[in-house]
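Architecture at a glance
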Amino acid sequence: MSEKTKARKAALREKLIELAEAQIAAEGLPSLRARSLAKEAGCAVGAIYTHFDDLNALTLEVNGRTFRRLGAKVAEAVAESASQPPRDRLIAMSHAYLYFAAEQPTLWRALFDVEMSTDGPVPQWYMDALGGLFSYISEPLAEIFPDMHEQDLDLMTRALFSSVHGIVLLGLEQRISGVPLPLLKKMIAQVLSRIS
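I will try to describe carefully the structure that is included in this document. (Residues numbered from 1 in each chain as written. Predicted model: local features only at pLDDT ≥ 70, side-chain atom pairs only at ≥ 80, totals over all residues. Heavy atoms only, no water.)

For the rest of this paragraph, the subject is the overall build of the chain. Of the regular secondary structure elements, the chain holds nine helices and zero strands. Along the chain direction, N to C, the helices and strands of the chain fall in the order α-α-α-α-α-α-α-α-α. Considering only C-alpha atoms, the chain reaches an extent of 60 × 35 × 35 Å along its principal axes. At a minimum sequence separation of 6, the contacts of the chain that also span at least 24 residues come to 68%. Entry remark: accessible area of the chain is about 11100 Å², with carbon and sulfur atoms responsible for 55%. Looking at the chain, you have 21 positive and 24 negative side-chain charges, and the mean spots of the two groups are 8 Å apart. (Helix = DSSP H or I, 4+ residues; strand = E, 2+ residues; numbered from the N terminus. Contact = heavy atoms within 4.5 Å. Areas by Shrake-Rupley, 256 points an atom, 1.4 Å probe, with all protein chains shown as cover. Lys, Arg positive; Asp, Glu negative; His and termini not counted. Charge placed at Lys NZ, Arg CZ, Asp CG, Glu CD.)

Another aspect to go through is the environment of G28. Within the secondary structure, G28 sits in the loop between helix 1 (3-27) and helix 2 (34-41). Distance in space between the C-alpha atoms of G28 and A129 is 22 Å, their sequence separation being 101 residues. Ignoring sequence-local partners within four residues, the contact set of G28 consists of Q23 and T106.

A separate point is the side chain of R65. You can see R65 is positioned in helix 4 (residues 55-80). Look past the residues within four positions of R65 in its chain and what remains in contact with it is E14, I17, E18 and E21.

This part is about the packing of aromatic side chains. Enumeration according to the criterion identifies five aromatic pairs in this entry. Arranged with centres 6.4 Å apart and planes meeting at 40 degrees, the rings of F112 and F161 form a pair that is tilted. In this pair, F112 sits in helix 6 (residues 105-113) while F161 sits in helix 8 (residues 150-172), placing the two residues 49 residues apart along the sequence. Under the relative-accessibility criterion, F112 is labelled partly exposed at 32%. Take F161: its relative accessible area is 12%, and that puts it in the buried class. (Phe/Tyr/Trp six-rings, centres within 6.5 Å; stacked < 30°, edge-to-face > 60°. Buried < 20%, exposed > 50% of the residue type's maximum accessible area, 1.4 Å probe, protein only.)

Now the structure itself:
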């Protein structure tokens, strides 16, 4: 394969990821369709499947970009609150998570709506990105609970993530148990400030 052909294939792959990301951002993951994506990219539908096993694989590539942006927002909140007590750092990173989800709701939802299970082939980068997010939570928790066993700390980390994620999800979807966006920050702070 010539360098020109390789470059053309790489450019099409990147274009497909960008177009899929734009489609998901505009209308959500369920709107992603191979036929419309191929038409917009100016290629045959089959060309999509020379680059990706299926639309889930393409969505995972989009999710990789989303995870990196989310991780950068959380890392920024962690850095800005580095001198604060551990509970305040947890609150700061949770608020960063909330703001990201509110600003990019369809891309954020795609992180969790893509068909995937831990029994199937989950890309290592995906697990690493999730592990990185969890490490931001577990560090201040380890300060709050210095004697907690590592397995219990991991479980507490996942429980806190699930709690904040649930508050954000229900709030953004305006479910009956959710509250309007201005009060979500307060709700998250109320829950996290009671960790002892």
